[in-house]
Amino acid sequence: MKQEKRPKSQDSSETMKAKTLLKRLRVLEAFDHRRRELSLSEIVNITKLEISAARRFISSLREANYLDYNPDIRRYRLSAKVLGFATAYLGSDPLVASAHFTLQQISHETGHFVELRTLDRNMLVTLLRFSDRRNQISQFRGSSIGAREPLHCMSAGLALLSRVEPSLARRLLSEQPLQKYTDRTVTDVDELLQRIEQARKLNYAICDREYSSNIIGLGAPLTDFSGYAVGAISMAVNPQEYSLAKIKKEPLPLITKAANTISLPYQRET
């Protein structure tokens, strides 16, 4: 049976609505753990929207209770309603379900920060984070679930990139200038690709004070049945307490074993 064609005006209207929705989402995406409160001018600068359009979108988002406004300082922030999306995602994601118990157990046994991350465009996103206060490391960057962090100087990032196509790894690392966070941060793409290849052979990656001057990160990839990355787990240890030799002897085997355990449900799929 032949389907009736919709009028072009209807298609055009639906396209416009979709574009408008995406622009509203750009306003929400302007906020993160570093930009918790924003003024109108800051939102315009981040989103590159016209000020009149930004005002309209902010107004509609406030009406829908996705944004709060403080008139005393004239700044906006995300409302608690936005958490509904995070709750829905974390409650339905099979990777979170698979990793939760294992990471919680490792953190409790070792007293270290342990995290689950996945790839979103060219950034890492934290899905789970467990910490035991016995060995808390001060000034830990990106301390919240949902935090977006760079691929190139995180052990989880290098581990994850070790299980994607090399051409994709190069593209993700080359999409924007790589920031130098400490004097140890590597920003040369070719050198990073060599380290990613090494991580592929070892099945883990280590970043020694490359994102924070008081953290050594150990990461291992999580893979599906084809060996392709679905995420990565990582542990943060204090360089004053751990040499690289000690890391390889003690916590690193826990991380690689945990990665195999968490990956197992994905590797059984056909």
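It should be emphasised that the depicted structure is a prediction, and the values quoted were computed from it without experimental measurement.

K.L.:
Requested: an account of the packing of aromatic side chains, with residues and values cited.
P.N.:
With the rule as written, the count across this model stands at three aromatic pairs. Ring geometry for tyrosine 181 against tyrosine 211: centres 4.8 Å apart, planes inclined by 75°, an arrangement best described as edge-to-face. Of this pair, tyrosine 181 sits in the loop between helix 7 (166-174) and helix 8 (189-202) while tyrosine 211 sits in the loop between strand 6 (205-208) and strand 7 (216-223), placing them 30 residues apart in sequence. What makes tyrosine 181 partly exposed here is its relative accessible area of 23%. Since its relative accessible area comes to 13%, tyrosine 211 is described here as buried. The ring of phenylalanine 57 carries the charged tip of arginine 56 above its face, separated from the ring centre by 5.7 Å. The ring of tyrosine 66 is capped by lysine 81, whose NZ or CZ atom sits 4.5 Å from the centre of that ring.

K.L.:
Break down the pairing of strand 1 (residues 67-70) for me, with residues and values.
P.N.:
Where a strand is regular, its side chains alternate between the two sheet faces. In this structure, strand 1 lies alongside strand 2 (residues 75-78), joined through four bridges in antiparallel fashion. What sits directly across from asparagine 70, in strand 2, is arginine 75. In textbook terms, the turn of a hairpin is the stretch between consecutive antiparallel strands, and for strand 1 and strand 2 this stretch comprises four residues, one of which, arginine 74, has a positive phi near 55°.

K.L.:
Outline the nonpolar core, listing residues and values.
P.N.:
Of all hydrophobic cores here, the largest spans 27 residues; its most connected members are Leu103, Leu116, Leu218, Ile233 and Ile247. Listed by contribution, the elements that provide at least two residues to this core are helix 5 (94-110), strand 3 (113-120), strand 4 (123-130), strand 7, strand 8 (229-237) and helix 10 (251-267). Discounting chain neighbours no more than four positions away, the residues touching isoleucine 233 are Leu103, Glu115, Leu116, Leu218, Gly219, Ala220, Leu222, Ile255, Ala258, Ala259 and Ile262. Counting residues in each nonpolar core, the second largest holds 25 residues, with Ala156, Val186, Ala199 and Ala229 among its members.

Quick notes on the rules
- All residue numbers here refer to positions counted from 1 along the written sequence of the relevant chain.
- Residues qualify for local features only when their pLDDT is at least 70, as the model is predicted, and side-chain atom pairs are given and counted only at 80 or more; totals for whole chains, interfaces and linings, by contrast, use all residues.
- Only hydrogens and water are set aside when side-chain values are computed; all heavy atoms of the structure are taken into account.
- Put simply, two rings from Phe, Tyr or Trp (the six-membered ring, in Trp's case) pair if the centres are within 6.5 Å, and we call them stacked under 30 degrees between planes, edge-to-face over 60, tilted for the rest.
- Secondary structure elements follow DSSP: runs of H or I of four or more residues count as helices, runs of E of two or more count as strands, with numbering from the N terminus.
- For the exposure calls, accessible area comes from a 1.4 Å probe over protein chains only, and a residue counts as buried if that area is under 20% of its type's maximum, exposed if over 50%, partly exposed in between.
- Criterion for a charge above a ring: Lys NZ or Arg CZ within 6 Å of the ring centre, and within 35 degrees of the ring normal.
- A pair of strands is considered paired only if DSSP assigns at least 2 bridges between the two.
- Nine residue types can take part in a nonpolar core, namely buried Ala, Val, Leu, Ile, Met, Phe, Trp, Tyr and Cys, and a core is a set of them joined through side-chain atoms within 4.5 Å.
- We call two residues in contact when some of their heavy atoms are within 4.5 Å.

Honestly, that's just the spatial picture; any functional story needs more than this.
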